[in-house]
Amino acid sequence: MTSLSRELVILILQFLDEEKFKETVHKLEQESGFYFNMKHFEDQVQNGQWEEVERYLSGFTKVEDNRYSMKIYFEIRKQKYLEALDKQDRAKAVEILVKDLRVFSSFNEELFKEITQLLTLDNFRENEQLSKYADTKAARNIMLLELKKLIEANPLFRDKLQFPSLKASRLRTLINQSLNWQHQLCKNPRPNPDIKSLFVDHNCGQPNGARASPTNNSIMGVIPKGGGFPQLGGHGAFTPGPASATTALAGWMANATPGSHVAVPAGPAGINTSTNTVALLKRPPPINGLSVDYQSADSEHLLKRVRPGTQPGDEVTYPGQSQPQGLYSQDDLPKTVVRTLNQGSSIMSMDFHPTQQTILLVGTNVGDIGLWDVGSRERLAHRNFKVWDLGVCTLTLQTTLVRDPSVSVNRVVWSSDGIFFGVAYSKHIVHIYGNPKGGLRQHLEIDAHTGGVNDLAFSNPNNQLYIVTGGDDKMIKVWDALTGRKQYTFEGHQAPIYSVCPHHKENIQFVFSTSIDGKIKAWLYEQGGPRVDYDAPGRWCTTMAYSADGTRLFSCGTSKEGESYLVEWNESEGAIKRTYQGFQKRSLGVVQFDIIKNRFLAAGDEFMIKYWDMDNLNLLTTVDADGGLLASPRLRFNKEGSLLAVSTNDNSIKILANSDGQRLLHMYDNRSIESARVPLEPVTKASAVNAVVPIASAGGLSVGPPRQGSPAASVGQLSGVDNRSLGEVKVKVDDESVEKSRIWKLNDIIEPTQCRSLSLPDTRSTSKILRLIYTNSGVALLALASNAIHKLWKWPRNDSHPSGKATASILPQLWQPPSGIVMANDIGETDPEEAIPCFALSKNDSYVMSASGGKVSLFNMMTFKTMTTFMSPPPAAAYLAFHPQDNNIIAIGMEDSTVQIYNVRVDEVKIKLKGHQKRITGLAFSQVLNVLVSSGADAQICVWGIDGWEKQKSKFLQIPAGRVPSLLADTRVQFHQDQIQFLVIHETQLAMYEATKLEPLIQWVPSDSLPAAISNATYSCDSQLIFASFSDGAVGIFHAQTLRPRCRIAPSAYIPSNISSVVYPLVVAAHPTEPNQFALGLSDGTVQVLEPLDLQGMWISTSAENGTGGAASVVPMTGNSSSEQTVR
């Protein structure tokens, strides 16, 4: 639940208290868990109302939540037990012992035995520890003092013990302001309006006195009586102000009668959550064309007891970053045909990769799927339909395939992170693929429905990746995307399912579904029955979709008679808000549509593409794509809206682009020109500089037998670690691979005019920047300096910079909350300049976990307040990483070489992983492989299974000959986007490993133009590049696939010439959505943002015109001949 919803509950509590609804006040306090009324709690304890005491407590904590909670419940139940003994009620005492106190025996068996022995005494005061027990009243008062201390110390009660300071009747005041605001919006405002109801928006009606009767035509259904409070109308002051998220879902979700379906429990809940569904505030219409969202100023639920069905908070938006409207033009629409791809069979479904903007997934009517790189026009992968394991499929499916083996693809779709994609087929089957390196990896085969699987979508409730499917069997099913286990089944449609649309509003997770009889229904994961039963326009095949920001709901469909409808729904009113004009009267097929970001709609009709502005009913423009389109073509935009894929009548796909899309594809044209150039001479010398070293069998490489006398040395040997189990890795290279190697000339950037660089403003004292990260939204940069102080820079969002994303062209603001609080780590007795700093940012950018040699601190990113601290040193935390599926679980690498798996919610270490011999310097999770990879100052890499936290594999780095690393050199790890391979960063090398086998694939060693020790490195957001910083101030940009350097940035290009001291980057961070932007944290305390100067936004390298110049070539690691050479 968001901060605004919490505040609404607080206002309701104040109202109920003022109206003397005492029992209701305390019931809402307990059910919401927002305010703990200590006075009410004391009264219950002093009156001995033990059941009510525990029921009230249960709204805030459970016995097992943490040690404070356990102690609270123990003291209460012990007192209840002693009072029964004091009354000589042995039967009652035994009942309390068995039902209430036995739970503590697993934590302290001796204490439980001692309590049990009290039953044998005539007077329990004979026990020495209880000899001073007086009467019941005095004992209760003494216990209350202890309970108050425990409650105040318990982090789950933080910010819940003090009721906010409010003016009297605050809720009434806000309602009056809302009514006045509604009255101002009336077309014919009366001087003395008569307000008779709060259930509908106020309207003065027509001048002749006629009033339009309010209709109840809600898409969300009628709210049953007897549940919850009615939804408030508009809110806020008369001047333009922020507005909360629009939704009317809360009413039917909170109050509708649960269906007969028993839902399967959900997966792990998120960290920033609550389940109490309070009626949400409706968004007033935009004023002056602007719409500003309220910001959540605290994360009070972070350590609150997690309840079923909760969802992590959405991405934090900093104040002043709302998206202005009216900043778009028709030039933003993809209209120019730039590519044509020949698929070979009729296109049924398409979807662009969510982050790699040119990767297109395609499914056809003959069951084929294809993976295309639109930029290079290359089909990366192709698969025909085939059942992977027919033996485990149902007999019905086997019989169906024998009778008719023809199969069509009905839907292809990527998961939101691009790690998986799903394929729904016309017969029973769903296939889920992983996408390593642009290939296809079989992940799951699900015999999902009887008949066809007509639609498929991914959803992510409670940080658990689910697959939602709808089929001919009239059912919607939800599956675990990692295991393939069925989690939920929703039944209620009377016709085959046509489409599914999972979404969430606030903490409410739901799924819209449509069937071919034109019915729309909505379902909660935790409650089985449909919450909506509504007719779609046309009453036949309809698809629903939300705008990119999730605030506007649209549907598009066609009736059996061929009439098509594109509409926007008003969720708050439950009615069609607008119907878009421009379809022909008789469409020749079911019209398909898509949404461009948050501004334009597009549909395929009349052999063309039709565009609408979301806020205008009339057709904006049409594009025929140079002809050849289907009557009702299928279409799909990439995430940025710069490219559009549309199906043609000759089984091809046309790619249309706007100006941004044309620039994006021009980059690929440049790459094609580069790769077409042939070098004059192959490299044959082993002394080639910037040597890229293949380590494992790949292409023309093969692993050779070990040879004695090899100069390769392991870090284990150099640092005194027993390394007897490590074999010397030698690689044999055949002549063909040498012939294929090329000489490349680095694009050397020396002058500031050759790239865009921006030094971020900072008025504070200089300290080294040791940690640096972009927020996941890409609108801000967070740094941690050596003095334990955090710095946050955020970029403005305005008319000239509507995206608000970080860029080297616009100066950001060094941001602080209005309170002026500085986000500083606990340092204890540690000198922060000598401590090892670490931090990790939550996925929704709402909080950051950080340490600088002292306790680990949890900070609220909006207020900079310290929410909690934990894990006092020694040992100190050295690296932090959030579990990918549960933000309550954190992997903490320690100075003592252990990795501790810590549960924030219950404040306990689940397990300690032991395998390293020196401090931990890197951690990385793979959700695909379900593993954690750790690295340490011992230069060892370990792979741990997440399920049981067992150690699967370990290996020491191989150090190139002639290089002696520092005694405690950091070894860092980072997973490639495919979550299979990972990058290893060490001062002596960059290396690629495969996590499944822990096999090194390729290695690059500093030399020649980039000779200095590596200080840090990271993948670009699309994992196509690697940005590496060096201790001499240089920055290298590498091809991630080959580790080939393509660009060198000299320190003179970004460090001002007036700086006399030696300055170099200590850390590098990659922008989360801009693949060519990165930031550097420098040793003098400054932060630099760098981007390429080229209009296409690339760090371009070119082939050498002759055989001279800096070479970057594939050479073998070991050997004595031209085919087997020593690592250089």
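Cut-offs applied
All residue numbers here refer to positions counted from 1 along the written sequence of the relevant chain. Local features in this predicted model are restricted to residues whose pLDDT is 70 or higher, and side-chain atom pairs enter the listing and the counts only when it is 80 or higher, whereas totals over whole chains, interfaces and linings include all residues. With hydrogens and water excluded, all non-hydrogen atoms of the structure serve as input to the side-chain values. Every helix listed is a DSSP run of H or I at least four residues long, and every strand listed is a run of E at least two residues long, numbered separately from the N terminus. Three labels apply to residues, based on accessible area from a 1.4 Å probe with only protein chains included: buried if under 20% of the type maximum, exposed if over 50%, partly exposed otherwise in between. Here, two residues are considered to be in contact whenever any of their heavy atoms come within 4.5 Å of each other. Computed by Shrake-Rupley with a 1.4 Å probe, the accessible areas treat only the displayed protein chains as cover when residues are assessed. Side-chain atoms within 4.5 Å link the members of a nonpolar core, which is a set of buried Ala, Val, Leu, Ile, Met, Phe, Trp, Tyr and Cys residues. Paired strands, as defined in this entry, are two strands with at least two bridges between them according to DSSP. In this analysis an axis means a line fitted to C-alpha atoms, helices contributing only their contacting stretch, and an angle means the value between N-to-C directions, from 0 to 180 degrees. Each polar contact in these results corresponds to two N or O atoms within 3.5 Å; when the atoms are within protein, one needs to be able to donate a hydrogen and the other to accept it, and residues that are neighboring in sequence are counted only if both atoms are side-chain atoms. Here roughly perpendicular refers to angles of 65 to 115 degrees, roughly parallel to angles under 35, roughly antiparallel to angles over 145, and oblique to all remaining angles. Whether a crossing is left-handed or right-handed is set by the direction in which the near helix is turned from the far one by less than a right angle, anticlockwise for left-handed and clockwise for right-handed. In the scheme used here, Gly and all other residues not listed as nonpolar or charged are polar, with Ala, Val, Leu, Ile, Met, Phe, Trp, Tyr, Cys and Pro taken as nonpolar and Asp, Glu, Lys and Arg as charged. Stacked, tilted and edge-to-face are the three classes assigned to paired rings of Phe, Tyr and Trp, where Trp is represented by its six-membered ring and a pair needs centres within 6.5 Å; plane angles under 30 degrees give stacked, over 60 edge-to-face, the rest tilted. Salt bridge, as used here: a side-chain nitrogen of Lys or Arg that lies within 4 Å of a carboxyl oxygen of Asp or Glu. The criterion for a disulfide is a pair of cysteine sulfur atoms lying within 2.5 Å. One confidence number per residue, pLDDT, is output by the predictor and ranges from 0 to 100. Expected helix span is taken as 1.5 Å per residue step, with the number of steps being one fewer than the number of residues.

### Some thoughts on the overall build of the chain
Here is step 1 of the chain: In terms of regular secondary structure, the chain is built from 14 helices and 66 strands.
Here is step 2 of the chain: The burial tally for the chain puts 57% of its 1128 residues in the buried class.
Here is step 3 of the chain: Sequence-distant contacts in the chain: of pairs separated by 6 or more residues, those separated by 24 or more amount to 59%.
Here is step 4 of the chain: Only carbon and sulfur atoms are counted for the fraction: they give 49% of the accessible area of the chain, which is about 46700 Å².

### Observations concerning the nonpolar core
Here is step 1 of the chain: One finds F36, F41, Y81 and L101 to be the most contacted residues of the largest nonpolar core, which totals 39 residues.
Here is step 2 of the chain: The dominant element in this core, judged by the number of residues it contributes, is helix α5 (residues 67-86), at nine residues.
Here is step 3 of the chain: Not counting residues up to four positions away in its chain, the partners in contact with Y81 are A93, I96, L97, L101, I115, T116, L118 and L119.
Here is step 4 of the chain: With 20 residues, the next largest nonpolar core counts L361, L371, L401 and I429 among its residues.

### Digging into the sheet that holds strand β49 (residues 908-913)
Here is step 1 of the chain: A sheet is described by the order of its strands in space; here four strands give the open sequence β46-β47-β48-β49, paired in antiparallel fashion. Both edges of this open sheet fall to β46 (877-882) and β49, since each of them pairs with a single strand only. Across the sheet, the mean angle separating the axes of adjacent strands is 25 degrees when strand polarity is ignored.
Here is step 2 of the chain: With five bridges connecting them, β46 and strand β47 (residues 889-894) associate as antiparallel partners.

### As for the sheet that holds strand β53 (residues 951-956)
Here is step 1 of the chain: With antiparallel pairing, the four strands of this open sheet are ordered in space as β50-β51-β52-β53. Looking at which strands have only one partner, the edges of the open sheet turn out to be β50 (920-926) and β53. Each neighbouring strand pair of the sheet contributes to a mean axis angle of 15 degrees, computed without reference to strand direction.
Here is step 2 of the chain: In this sheet, strand β51 (residues 931-936) lies alongside β50 in antiparallel orientation, the contact comprising six bridges. If you follow G922 over to β51, its bridge partner there is S935.

### Thoughts on the side chain of T469
Here is step 1 of the chain: Turning to its location among the elements, T469 is positioned in strand β13 (residues 466-471).
Here is step 2 of the chain: What makes T469 buried here is its relative accessible area of 1%.
Here is step 3 of the chain: A polar side-chain atom of T469 sits 2.7 Å from a polar atom in the side chain of H449.
Here is step 4 of the chain: Once you skip the residues sitting within four places of it in the chain, T469 turns out to touch V430, A448, H449, V453, D455, L456, M475, I476, K477, W479 and V500.

### Thoughts on the packing of helix α3 (residues 38-46) against helix α4 (residues 50-57)
Here is step 1 of the chain: Between α3 and α4, the least distance of the axes is 8 Å, while the angle of their chain directions is 150 degrees. Judged by the angle between their axes, α3 and α4 are roughly antiparallel. Of the two possible hands of crossing, α3 and α4 adopt the one that is left-handed. Taken together, the residues of α4 that come into contact with α3 (itself represented by H40, F41, Q44 and V45) are W50, E52, V53, Y56 and L57.
Here is step 2 of the chain: Class assignment for the residues of the contact of α3 with α4 results in six nonpolar, two polar and one charged.

### What about the environment of Q974?
Here is step 1 of the chain: Take Q974: it is sitting in strand β55 (residues 971-975).
Here is step 2 of the chain: Those residues in contact with Q974 that sit more than four places away from it in its chain are A924, F982, L983, A1017, T1018 and Y1019.
Here is step 3 of the chain: Side-chain polar atoms of Q974 contact the backbone nitrogen of Y1019, separated by 2.9 Å.

### Structural notes on the packing of aromatic side chains
Here is step 1 of the chain: Throughout the structure, instances matching the rule amount to 34 aromatic pairs.
Here is step 2 of the chain: A ring pair is formed by F982 and Y993, whose centres lie 5.7 Å apart and whose planes are at 15 degrees; its orientation type is stacked. Here Y993 lies in strand β57 (residues 989-994) and F982 lies in strand β56 (residues 981-986), a separation of 11 residues in the sequence.
Here is step 3 of the chain: When its relative accessible area of 3% is taken as the criterion, Y993 is described as buried.
Here is step 4 of the chain: Each ring, one from W1004 and one from F1030, has its centre 6.0 Å from the other, and the planes form 75 degrees; the classification is edge-to-face. With W1004 in strand β58 (residues 999-1004) and F1030 in strand β60 (residues 1025-1030), the pair connects residues that are 26 residues apart, well separated along the chain.
Here is step 5 of the chain: By way of ring pairs, the aromatic residues F36, F41, Y56, F60 and F157 are connected into one cluster.

### Considering unusual backbone geometry
Here is step 1 of the chain: Cis geometry marks the peptide bond from P873 to P874; its omega dihedral reads -5 degrees.
Here is step 2 of the chain: In this fold, P874 is placed in the loop between β45 (866-870) and β46.
Here is step 3 of the chain: A cis amide bond links P874 with the next residue in sequence, P875, at an omega value of -10 degrees.
Here is step 4 of the chain: Its place among the elements puts P875 in the loop between β45 and β46.
Here is step 5 of the chain: Unlike most non-glycine residues, Q88 shows phi in positive territory, near 60 degrees.
Here is step 6 of the chain: Secondary-structure assignment places Q88 in the loop between α5 and α6 (90-101).

### What about the pattern of salt bridges?
Here is step 1 of the chain: This model, assessed by the stated rule, comprises 33 salt bridges.
Here is step 2 of the chain: Linking R125 and D86 is a salt bridge whose minimum nitrogen-to-oxygen distance equals 2.9 Å. With R125 in the loop between α7 (109-117) and α8 (136-153) and D86 in helix α5, this residue pair connects regions lying 39 residues apart in the sequence.
Here is step 3 of the chain: Notably, a salt bridge pairs R599 with D613, separated by 3.4 Å at the nearest N-O pair. Of the two residues, R599 is situated in the loop between β24 (593-596) and β25 (600-605) and D613 in strand β26 (residues 608-613); the sequence distance between them amounts to 14 residues.
Here is step 4 of the chain: R599 sits in the buried class, given a relative accessible area of 10%.

### What to know about the state of the cysteines
Here is step 1 of the chain: Within this structure, the stated rule accounts for zero disulfides.
Here is step 2 of the chain: Sulfur of C755: no disulfide; nearest cysteine sulfur belongs to C1047 and is 8.2 Å away.

### Structural notes on the environment of A536
Here is step 1 of the chain: Tracing the backbone shows A536 in the loop between β19 (534-535) and β20 (541-546).
Here is step 2 of the chain: Take A536: its relative accessible area is 3%, and that puts it in the buried class.
Here is step 3 of the chain: Once the C-alpha coordinates of A536 and K519 are considered, the two residues, 17 residues apart in sequence, prove to be 6.0 Å apart.
Here is step 4 of the chain: A536 has contacts with G518, I520 and T542, leaving out every residue within four places of it along the chain.

### Structural notes on the confidence of the model for the chain
Here is step 1 of the chain: Taken over all residues, the pLDDT of the chain has a mean of 78, while the share at 70 or more is 77%.
Here is step 2 of the chain: Across residues 673-691 the pLDDT falls below 50, and counting only partners more than four positions away or on other chains, this stretch makes 53 contacts in the model.
Here is step 3 of the chain: Scored below 50 in pLDDT, residues 693-743 shows 116 contacts in the model against residues more than four places distant or in partner chains.

### Some details on helix α9 (residues 170-185)
Here is step 1 of the chain: Here α9 contains 16 residues, and its C-alpha end-to-end distance of 23 Å stays within 8% of the 22 Å for a straight helix at 1.5 Å per residue.
Here is step 2 of the chain: Here α9 has its buried residues at L171, I175, S178, L179, W181, Q182 and H183.

### Examining the pairing of strand β4 (residues 347-352)
Here is step 1 of the chain: Most of β4 sits out of view: six of its six residues are buried.
Here is step 2 of the chain: With five bridges connecting them, β4 and strand β5 (residues 359-364) associate as antiparallel partners. Residue pairing in the sheet places F352 in a bridge with L360 of β5.
Here is step 3 of the chain: The turn joining β4 and β5, which pair antiparallel and follow one another in sequence, is formed by six residues.

### What about the packing of α3 against α8?
Here is step 1 of the chain: Packing of α3 against α8 leaves a shortest axis separation of 10 Å and a crossing angle of 145 degrees. Classified by chirality, the crossing of α8 by α3 is right-handed. Judged by residue contacts, M38, F41, E42, V45 and Q46 of α3 engage R140, N141, M143, L144, L147, K148 and I151 from α8.
Here is step 2 of the chain: Residues that form the contact of α3 with α8 fall into these classes: seven nonpolar, two polar and three charged.

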